[in-house]
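Structural characterization, general
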Amino acid sequence: LVIGAIVTFVRRRERHPARAQSQIGIGLPAIVESGTGTVEFFETFSGCPFPFAATLEADLGVPTRVDNNINMLARAEHWFGDGAGVEDFTLVLV
């Protein structure tokens, strides 16, 4: 269901050449092997382990990276937010 919704969304955007995707990044509230994009555990999904990134890449033909959503938030804050330019950084989400 989630994969189908993502595929539909990306294909709709591809109808507009200026919106074509060169790569897709997805954060999931799950335990993810970020090197492979495999979802190892997802509380509301019983089909784990599941090759989430590989499945989307096969459906869309676009390189896809998948990681835990909080890891992605921390990286974005460290690279582009208030944590930019500091050596050590910790994000606490409550």
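A few points about the overall build of the protein
From N to C terminus, the protein includes three helices and five strands. Seen along its three principal axes, the alpha-carbon backbone of the protein occupies a region of about 40 × 35 × 25 Å. Looking at the protein as a whole, 24% of its 94 residues qualify as buried. Taking contacts inside the protein between residues at least 6 apart in sequence as the whole, the part at least 24 apart equals 46%. For the protein, the exposed area adds up to about 6600 Å²; of that, 55% sits on carbon and sulfur atoms. Side chains of the protein give 7 positive and 11 negative charges; the mean places of these two sets differ by 17 Å.

Observations concerning helix α3 (residues 69-80)
Along its twelve residues, α3 runs 16 Å from first to last C-alpha, staying within 8% of the 16 Å computed at 1.5 Å per residue. Two or three places before Ile-70, at the opening of α3, Asn-68 has a side-chain oxygen 2.8 Å from that residue's backbone nitrogen.

As for the sheet that holds strand β2 (residues 31-33)
Reading across from one edge, β2-β3-β4 is the order of the three strands in this open sheet, with antiparallel pairing throughout. Each having just a single partner strand, β2 and β4 (50-51) make up the two edges of the open sheet.

Here we look at the nonpolar core
Soluble globular proteins tend to bury their nonpolar side chains together. Core analysis: the largest hydrophobic core is formed by 17 residues, its most contacted members being Ile-26, Leu-28, Val-39, Phe-52, Leu-56, Leu-60 and Val-66. For this core, the secondary-structure elements that each account for two or more residues are α1 (2-14), β1 (24-28) and α2 (52-60). Beyond its immediate chain neighbours, meaning those up to four positions away, Leu-60 contacts Val-7, Val-10, Arg-11 and Ile-24.

Some words on the pattern of salt bridges
Under the counting rule described, the total for this entry stands at two salt bridges. We note a salt bridge from Glu-57 to Arg-65, for which the minimum N-O separation is 3.6 Å. On the basis of relative accessible area, Glu-57 is assigned to the partly exposed category, the value being 31%. The salt bridge partner of Asp-67 is Arg-75, with a shortest N-O separation of 2.4 Å. With relative accessibility at 5%, the residue Asp-67 sits in the buried group. A relative accessible area of 37% means that Arg-75 is categorised as partly exposed.

The rules behind these values
- Residues numbered from 1 in each chain as written.
- Predicted model: local features only at pLDDT ≥ 70, side-chain atom pairs only at ≥ 80, totals over all residues.
- Heavy atoms only, no water.
- Helix = DSSP H or I, 4+ residues; strand = E, 2+ residues; numbered from the N terminus.
- Buried < 20%, exposed > 50% of the residue type's maximum accessible area, 1.4 Å probe, protein only.
- Contact = heavy atoms within 4.5 Å.
- Areas by Shrake-Rupley, 256 points an atom, 1.4 Å probe, with all protein chains shown as cover.
- Lys, Arg positive; Asp, Glu negative; His and termini not counted.
- Charge placed at Lys NZ, Arg CZ, Asp CG, Glu CD.
- Expected span 1.5 Å × (residues − 1).
- Polar contact = N/O pair within 3.5 Å; in protein donor to acceptor, adjacent residues only side chain to side chain.
- Pairing = 2+ DSSP bridges.
- Core = buried A, V, L, I, M, F, W, Y, C linked by side-chain atoms within 4.5 Å.
- Salt bridge = Lys/Arg side-chain N within 4 Å of Asp/Glu carboxyl O.

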